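So the chains spell out like this:
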Amino acid sequence: SQWGEENLQALSIQEGEDVTMNCSYKTYTTVVQWYRQKSGKGPAQLILIRSNEREKRSGRLRATLDTSSQSSSLSITGTLATDTAVYFCATGYNNAGAKLTFGGGTRLTVRP
Amino acid sequence: NAGVIQTPRHKVTGKGQEATLWCEPISGHSAVFWYRQTIVQGLEFLTYFRNQAPIDDSGMPKERFSAQMPNQSHSTLKIQSTQPQDSAVYLCASSSTGSSAETLYFGSGTRLTVL
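The rules behind the values
Residues numbered from 1 in each chain as written. Chains lettered and ligands numbered in written order. Predicted model: local features only at pLDDT ≥ 70, side-chain atom pairs only at ≥ 80, totals over all residues. Heavy atoms only, no water. Pairing = 2+ DSSP bridges. Helix = DSSP H or I, 4+ residues; strand = E, 2+ residues; numbered from the N terminus. Axes fitted to C-alpha atoms, helices over the stretch in contact; angles between N-to-C directions. Polar contact = N/O pair within 3.5 Å; in protein donor to acceptor, adjacent residues only side chain to side chain. Contact = heavy atoms within 4.5 Å. 1 Å grid on protein atoms, 1.4 Å probe; cavity = no way out; pocket = protein on both sides within 12 Å on 5 of 7 lines; lining within 4 Å. Points joined across faces, edges and corners; volume = space filled by probe spheres on them. Nonpolar A, V, L, I, M, F, W, Y, C, P; charged D, E, K, R; others polar. Disulfide = S-S within 2.5 Å. Buried < 20%, exposed > 50% of the residue type's maximum accessible area, 1.4 Å probe, protein only.

A.B. asks: Run through the sheet that holds strand 3 (residues 19-24) of chain B, naming residues and quoting values.
C.D. replies: Residues and elements named next belong to chain B. Judged by pairing direction, the sheet is antiparallel, and its four strands sit side by side in the order 1-3-8-7 without closing on themselves. Lying at the two open borders of the sheet, with one neighbouring strand each, are strand 1 (5-7) and strand 7 (65-71). Strand-to-strand twist across the sheet, computed as the mean angle between neighbouring axes with direction ignored, equals 20 degrees. The pairing of strand 1 with strand 3 spans three bridges and is antiparallel. Its bridge partner lying in strand 3, Ile5 is registered against Glu24.

A.B. asks: Requested: an account of the side chain of Ser72 of chain A, with residues and values cited.
C.D. replies: Residues and elements named next belong to chain A. Along the chain, the position of Ser72 falls in strand 7 (residues 71-76). A distance of 3.1 Å separates a polar atom in the side chain of Ser72 from a polar atom in the side chain of Trp34. Among the polar contacts listed, one links the side chain of Ser72 to the backbone oxygen of Thr64, at a separation of 2.7 Å. Ser72 has contacts with Met21, Asn22, Cys23, Val32, Trp34, Thr64 and Leu65, leaving out every residue within four places of it along the chain.

A.B. asks: Tell me about the environment of Ala67 of chain B, and please be specific about residues and values.
C.D. replies: Residues and elements named next belong to chain B. By the element assignment, Ala67 lies in strand 7. Each C-alpha atom, one on Ala67 and one on Leu77, is 4.4 Å from the other, the two residues being 10 residues apart in sequence. Once residues within four sequence positions are removed from consideration, Ala67 is found in contact with Thr47, Phe49, Met60, Thr76 and Leu77.

A.B. asks: Tell me about the layout of surface pockets, and name the residues and values.
C.D. replies: Residue and element names in this part refer to chain B. When its volume is computed, the second largest pocket comes out at roughly 160 Å³. Every residue along the wall of the second largest pocket is listed here: Pro25, Ile26, Ser27, Gly28, His29, Ser30, Asn51, Gln52, Met69, Gln72 and Ser73. Taken together, the residues of the lining of the second largest pocket break down into three nonpolar, eight polar and no charged.

A.B. asks: Account for the state of the cysteines, naming residues and giving values.
C.D. replies: The full count for this structure, using the stated rule, is two disulfides over all chains. A sulfur-sulfur separation of 1.9 Å characterises the disulfide bridge that pairs Cys23 of chain A with Cys89 of chain A. Residues Cys23 of chain A and Cys89 of chain A share a disulfide whose torsion about the S-S bond is about 70 degrees; that sign makes it right-handed. Highlighted residues: Cys23 of chain A in strand 2 (residues 19-24) and Cys89 of chain A in strand 8 (residues 85-92), separated in sequence by 66 residues. Classification of Cys23 of chain A as buried rests on a relative accessible area of 1%. By relative accessible area, Cys89 of chain A is classed as buried at 2%. Through a disulfide, Cys23 of chain B is tied to Cys92 of chain B; the S-S separation comes to 1.8 Å. Every disulfide takes its handedness from the sign of the S-S torsion; for Cys23 of chain B and Cys92 of chain B that torsion is -65 degrees, giving left-handed. With Cys23 of chain B in strand 3 and Cys92 of chain B in strand 9 (residues 88-95), the pair connects residues that are 69 residues apart, well separated along the chain. Judged by relative accessible area, which is 1%, Cys23 of chain B ranks as buried.

Next comes the structure, spelled out in C-alpha coordinates:
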(Lines give C-alpha, C1' and ligand atoms only; values in the text may rest on other atoms or scores of the structure.)
Protein backbone atom coordinates (compact mmCIF):
# COMPACT_ATOMS: atom_id res chain seq x y z
CA SER A 1 0.00 0.00 0.00
CA GLN A 2 1.08 3.61 -0.34
CA TRP A 3 0.67 6.83 1.52
CA GLY A 4 2.36 10.15 1.63
CA GLU A 5 5.53 9.08 3.33
CA GLU A 6 6.04 5.57 1.98
CA ASN A 7 8.60 4.81 -0.66
CA LEU A 8 7.50 3.49 -4.02
CA GLN A 9 6.03 -0.03 -3.73
CA ALA A 10 6.34 -2.65 -6.45
CA LEU A 11 4.07 -5.42 -7.74
CA SER A 12 4.68 -7.89 -10.56
CA ILE A 13 1.87 -10.02 -11.94
CA GLN A 14 0.95 -12.06 -14.99
CA GLU A 15 -1.28 -10.65 -17.70
CA GLY A 16 -4.89 -11.57 -17.09
CA GLU A 17 -4.63 -11.53 -13.31
CA ASP A 18 -6.56 -9.09 -11.15
CA VAL A 19 -4.73 -6.68 -8.86
CA THR A 20 -5.62 -4.36 -6.01
CA MET A 21 -3.50 -1.43 -4.87
CA ASN A 22 -4.07 0.28 -1.56
CA CYS A 23 -3.59 3.80 -0.33
CA SER A 24 -3.78 5.25 3.17
CA TYR A 25 -3.93 8.94 3.90
CA LYS A 26 -3.39 10.94 7.03
CA THR A 27 -5.74 13.89 6.83
CA TYR A 28 -9.47 14.26 6.29
CA THR A 29 -10.06 14.21 2.56
CA THR A 30 -12.97 15.32 0.41
CA VAL A 31 -11.76 13.47 -2.66
CA VAL A 32 -9.35 10.72 -3.67
CA GLN A 33 -8.04 10.60 -7.20
CA TRP A 34 -6.08 7.76 -8.76
CA TYR A 35 -3.50 8.51 -11.42
CA ARG A 36 -1.38 6.33 -13.67
CA GLN A 37 2.04 7.35 -14.91
CA LYS A 38 3.75 5.60 -17.78
CA SER A 39 7.45 5.93 -18.45
CA GLY A 40 8.41 9.36 -19.76
CA LYS A 41 4.93 10.81 -19.32
CA GLY A 42 3.12 12.84 -16.72
CA PRO A 43 0.46 11.23 -14.51
CA ALA A 44 -2.98 10.77 -16.08
CA GLN A 45 -6.14 10.56 -14.02
CA LEU A 46 -7.95 7.23 -13.96
CA ILE A 47 -10.76 7.74 -11.51
CA LEU A 48 -12.01 10.21 -8.91
CA ILE A 49 -14.00 9.17 -5.85
CA ARG A 50 -15.57 11.64 -3.44
CA SER A 51 -15.86 11.31 0.33
CA ASN A 52 -19.60 10.59 0.10
CA GLU A 53 -19.01 7.66 -2.29
CA ARG A 54 -17.86 4.21 -1.25
CA GLU A 55 -17.18 2.80 -4.70
CA LYS A 56 -16.62 4.02 -8.26
CA ARG A 57 -16.20 1.96 -11.38
CA SER A 58 -14.80 2.77 -14.78
CA GLY A 59 -14.33 -0.07 -17.25
CA ARG A 60 -11.88 -2.54 -15.71
CA LEU A 61 -11.16 -0.19 -12.82
CA ARG A 62 -12.85 -0.10 -9.45
CA ALA A 63 -11.97 2.37 -6.71
CA THR A 64 -13.17 2.21 -3.13
CA LEU A 65 -13.00 4.73 -0.35
CA ASP A 66 -13.31 4.10 3.39
CA THR A 67 -13.21 7.41 5.21
CA SER A 68 -13.40 5.75 8.64
CA SER A 69 -10.08 3.99 8.07
CA GLN A 70 -8.72 6.76 5.81
CA SER A 71 -7.95 4.33 3.03
CA SER A 72 -8.72 3.83 -0.63
CA SER A 73 -8.08 1.03 -3.09
CA LEU A 74 -7.84 0.69 -6.83
CA SER A 75 -8.55 -2.66 -8.45
CA ILE A 76 -7.87 -3.62 -12.04
CA THR A 77 -9.48 -6.73 -13.43
CA GLY A 78 -8.06 -8.73 -16.32
CA THR A 79 -4.78 -6.84 -16.42
CA LEU A 80 -2.99 -6.20 -19.70
CA ALA A 81 0.69 -5.65 -20.35
CA THR A 82 -0.23 -2.06 -21.22
CA ASP A 83 -1.36 -1.55 -17.61
CA THR A 84 2.33 -1.56 -16.64
CA ALA A 85 2.87 1.82 -14.98
CA VAL A 86 3.19 3.56 -11.64
CA TYR A 87 -0.13 4.16 -9.91
CA PHE A 88 -0.63 7.03 -7.48
CA CYS A 89 -3.42 7.98 -5.17
CA ALA A 90 -3.87 11.69 -4.52
CA THR A 91 -5.92 13.33 -1.81
CA GLY A 92 -7.35 16.77 -1.48
CA TYR A 93 -9.42 18.57 1.09
CA ASN A 94 -11.33 21.80 1.14
CA ASN A 95 -8.97 23.71 3.42
CA ALA A 96 -6.08 23.05 1.05
CA GLY A 97 -7.76 24.59 -1.96
CA ALA A 98 -6.93 22.80 -5.18
CA LYS A 99 -3.70 21.26 -3.91
CA LEU A 100 -3.48 17.47 -4.23
CA THR A 101 -1.09 15.42 -2.11
CA PHE A 102 0.23 12.34 -3.88
CA GLY A 103 1.12 9.03 -2.28
CA GLY A 104 4.44 7.28 -2.87
CA GLY A 105 3.03 5.20 -5.69
CA THR A 106 2.86 1.53 -6.66
CA ARG A 107 4.97 0.34 -9.57
CA LEU A 108 2.92 -2.33 -11.33
CA THR A 109 4.57 -4.63 -13.85
CA VAL A 110 2.26 -6.86 -15.88
CA ARG A 111 4.18 -9.65 -17.59
CA PRO A 112 2.80 -10.74 -20.98
CA ASN B 1 -6.19 19.85 -27.92
CA ALA B 2 -2.44 19.45 -27.48
CA GLY B 3 -2.61 19.05 -23.75
CA VAL B 4 -0.22 20.73 -21.33
CA ILE B 5 3.03 21.57 -23.06
CA GLN B 6 6.29 21.78 -21.15
CA THR B 7 9.59 22.95 -22.57
CA PRO B 8 12.33 21.99 -22.68
CA ARG B 9 11.91 18.24 -22.17
CA HIS B 10 15.45 17.98 -20.85
CA LYS B 11 17.75 20.60 -19.39
CA VAL B 12 21.29 20.20 -18.14
CA THR B 13 22.86 22.99 -16.11
CA GLY B 14 26.08 23.44 -14.24
CA LYS B 15 26.03 24.05 -10.53
CA GLY B 16 25.29 27.71 -9.86
CA GLN B 17 23.59 28.39 -13.18
CA GLU B 18 20.01 29.48 -13.64
CA ALA B 19 17.26 27.31 -15.10
CA THR B 20 13.91 28.48 -16.46
CA LEU B 21 11.20 25.96 -17.16
CA TRP B 22 8.16 26.76 -19.28
CA CYS B 23 4.59 25.53 -19.19
CA GLU B 24 1.67 26.16 -21.51
CA PRO B 25 -1.60 25.03 -19.88
CA ILE B 26 -4.62 23.70 -21.70
CA SER B 27 -6.49 26.57 -23.33
CA GLY B 28 -9.38 27.71 -21.17
CA HIS B 29 -8.02 26.23 -17.94
CA SER B 30 -7.71 28.77 -15.18
CA ALA B 31 -5.51 26.87 -12.71
CA VAL B 32 -1.86 25.91 -13.19
CA PHE B 33 0.16 23.73 -10.85
CA TRP B 34 3.83 22.88 -10.49
CA TYR B 35 5.06 19.61 -8.98
CA ARG B 36 8.53 18.13 -8.59
CA GLN B 37 9.17 14.40 -8.89
CA THR B 38 12.18 12.48 -7.58
CA ILE B 39 12.74 8.84 -6.73
CA VAL B 40 13.34 9.68 -3.07
CA GLN B 41 10.62 12.30 -2.43
CA GLY B 42 8.05 11.20 -4.99
CA LEU B 43 5.60 13.80 -6.33
CA GLU B 44 5.87 17.01 -4.33
CA PHE B 45 3.55 19.97 -4.70
CA LEU B 46 5.36 23.24 -5.28
CA THR B 47 2.87 25.97 -6.12
CA TYR B 48 -0.29 26.85 -8.02
CA PHE B 49 -2.02 29.77 -9.70
CA ARG B 50 -5.65 30.48 -10.34
CA ASN B 51 -6.56 33.10 -12.94
CA GLN B 52 -2.84 33.99 -13.04
CA ALA B 53 -2.79 34.89 -9.33
CA PRO B 54 -0.52 32.90 -6.98
CA ILE B 55 -2.73 30.97 -4.55
CA ASP B 56 -0.48 28.56 -2.68
CA ASP B 57 3.31 28.40 -2.78
CA SER B 58 3.69 26.31 0.37
CA GLY B 59 5.85 23.71 -1.39
CA MET B 60 8.32 26.11 -2.93
CA PRO B 61 11.81 26.19 -1.43
CA LYS B 62 12.13 29.66 0.08
CA GLU B 63 15.35 30.48 -1.65
CA ARG B 64 16.27 30.27 -5.32
CA PHE B 65 12.84 29.08 -6.58
CA SER B 66 10.24 31.38 -8.08
CA ALA B 67 7.19 30.89 -10.29
CA GLN B 68 5.26 33.33 -12.37
CA MET B 69 2.23 33.37 -14.62
CA PRO B 70 2.44 36.54 -16.68
CA ASN B 71 -0.52 35.61 -18.86
CA GLN B 72 -3.13 32.88 -19.10
CA SER B 73 -1.20 30.95 -21.72
CA HIS B 74 2.04 30.29 -19.92
CA SER B 75 3.77 29.90 -16.59
CA THR B 76 7.45 29.72 -15.73
CA LEU B 77 9.40 28.14 -12.91
CA LYS B 78 12.80 29.70 -12.36
CA ILE B 79 15.56 28.18 -10.27
CA GLN B 80 18.49 30.43 -9.51
CA SER B 81 21.95 29.12 -8.64
CA THR B 82 20.95 25.51 -9.32
CA GLN B 83 22.31 22.81 -7.02
CA PRO B 84 22.66 19.05 -7.64
CA GLN B 85 19.77 18.39 -5.25
CA ASP B 86 17.50 20.36 -7.61
CA SER B 87 17.85 17.55 -10.15
CA ALA B 88 14.36 16.19 -10.71
CA VAL B 89 11.48 16.00 -13.15
CA TYR B 90 9.40 19.17 -12.90
CA LEU B 91 5.77 18.62 -13.84
CA CYS B 92 3.24 21.25 -14.76
CA ALA B 93 -0.49 20.57 -14.67
CA SER B 94 -3.62 22.53 -15.35
CA SER B 95 -7.24 22.17 -14.34
CA SER B 96 -10.47 23.80 -15.36
CA THR B 97 -11.25 26.05 -12.40
CA GLY B 98 -8.89 25.01 -9.63
CA SER B 99 -10.61 22.60 -7.27
CA SER B 100 -9.29 19.46 -5.58
CA ALA B 101 -12.30 17.66 -7.07
CA GLU B 102 -11.13 18.30 -10.62
CA THR B 103 -8.84 16.36 -12.88
CA LEU B 104 -5.27 17.59 -13.11
CA TYR B 105 -3.92 17.36 -16.64
CA PHE B 106 -0.16 16.95 -16.53
CA GLY B 107 2.46 17.71 -19.11
CA SER B 108 5.26 15.25 -19.81
CA GLY B 109 7.63 17.18 -17.57
CA THR B 110 11.04 18.77 -17.80
CA ARG B 111 13.93 16.63 -16.59
CA LEU B 112 16.45 18.94 -14.96
CA THR B 113 19.95 17.61 -14.38
CA VAL B 114 22.39 19.76 -12.40
CA LEU B 115 25.98 18.69 -12.78
